[in-house]
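Overview (structure and organization)
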Amino acid sequence: GMEADTVVGFDLDTLDMTAMVRPATPGWRFGGHPAIMPDGKHVAIAERHPADPKSGDRAADMAKLAGKIVIRDALTLAPVGEMPSYGIRPHEIQVTLDGKHFVVANYGSTNVAGSDDDAPDIPDSVAPGISVIGIASGKRVAWIDGVSQAEIRHLAGKRLDRIFPVTAQMAW
């Protein structure tokens, strides 16, 4: 689910729904594309802090609004572990070919103060970027800053020496 409070699992042969779960933290949202873990028995799913307006203090906003990567059983989607995403509004997660790192596209934006549920979300850039996380340790090993005012939504990140982001700049 993208900005949703549920995510579902399907049997790959029958396409029957096998699980439906909510974020590990109440009030949070799912963020987009999951990644299959190297063991094939787990998936990594981005979960997002609510898109509260930024405070203007980048470091404080990064600490408060950062999302997380929740590792879930691939069949039941039950959480078995989690780690920080080290970025705001994580979206796509890729596992490097060696199976040692997550490469995460973080939108880096939040909503403009005063926007509400009746209006479309208006993104307000805080810190778009790519986080590289050691899977075994959960520690951030690299951060790549994005371009100001452009969200990082997708990426090709199977090798650490060649990471290509896809950015989007919203206009109303």
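From a predicted model like this one, the values you see are computed outputs, not experimental measurements.

Rules and cut-offs
- Residues numbered from 1 in each chain as written.
- Predicted model: local features only at pLDDT ≥ 70, side-chain atom pairs only at ≥ 80, totals over all residues.
- Heavy atoms only, no water.
- Core = buried A, V, L, I, M, F, W, Y, C linked by side-chain atoms within 4.5 Å.
- Buried < 20%, exposed > 50% of the residue type's maximum accessible area, 1.4 Å probe, protein only.
- Helix = DSSP H or I, 4+ residues; strand = E, 2+ residues; numbered from the N terminus.
- Contact = heavy atoms within 4.5 Å.
- 1 Å grid on protein atoms, 1.4 Å probe; cavity = no way out; pocket = protein on both sides within 12 Å on 5 of 7 lines; lining within 4 Å.
- Points joined across faces, edges and corners; volume = space filled by probe spheres on them.
- Nonpolar A, V, L, I, M, F, W, Y, C, P; charged D, E, K, R; others polar.
- Polar contact = N/O pair within 3.5 Å; in protein donor to acceptor, adjacent residues only side chain to side chain.
- Phe/Tyr/Trp six-rings, centres within 6.5 Å; stacked < 30°, edge-to-face > 60°.
- Lys NZ or Arg CZ within 6 Å of the ring centre and 35° of its normal.

1. Focus on the nonpolar core
- In terms of nonpolar packing, the biggest core is built from 13 residues, with Ala-44, Ile-69, Ile-93 and Phe-102 touching the most fellow members.
- Put simply, the parts of the chain that give this core at least two residues each are strand E5 (42-48), strand E6 (66-73), strand E8 (90-95) and strand E9 (101-106).
- Aside from chain neighbours lying at most four places away, what touches Phe-102 is Met-37, Ala-44, Ile-69, Ile-71, Met-83, Ile-93, Gln-94, Val-95, Ser-131, Val-132, Ile-133 and Ile-135.

2. A word on the layout of surface pockets
- Considered as a void within the structure, the largest pocket measures approximately 480 Å³ in volume.
- Tallying contributions element by element places strand E1 (residues 7-10) first for the lining of the largest pocket, with four residues.
- Among the residues forming the lining of the largest pocket, the class breakdown is 11 nonpolar, six polar and one charged.

3. Structural notes on the side chain of Ser-131
- Within the fold, Ser-131 resides in strand E12 (residues 129-134).
- Judged by relative accessible area, Ser-131 falls into the buried class, the value being 0%.

4. Points about the environment of Asp-57
- Tracing the backbone shows Asp-57 in the loop between E5 and helix H1 (58-65).
- Under the relative-accessibility criterion, Asp-57 is labelled partly exposed at 42%.
- Between the C-alpha atom of Asp-57 and that of Val-126, which follows or precedes it by 69 residues, the distance is 9.0 Å.
- Of the polar contacts made by the side chain of Asp-57, one reaches the backbone nitrogen of Ala-59; its length is 3.2 Å.

5. Comments concerning the packing of aromatic side chains
- This model, assessed by the stated rule, comprises zero aromatic pairs.
- Taking the ring centre of Tyr-107 as reference, the NZ or CZ of Arg-48 above it sits at 4.4 Å.
- Directly above the aromatic system of Trp-28 lies the positively charged group of Lys-68, at a separation of 4.8 Å from the ring centroid.

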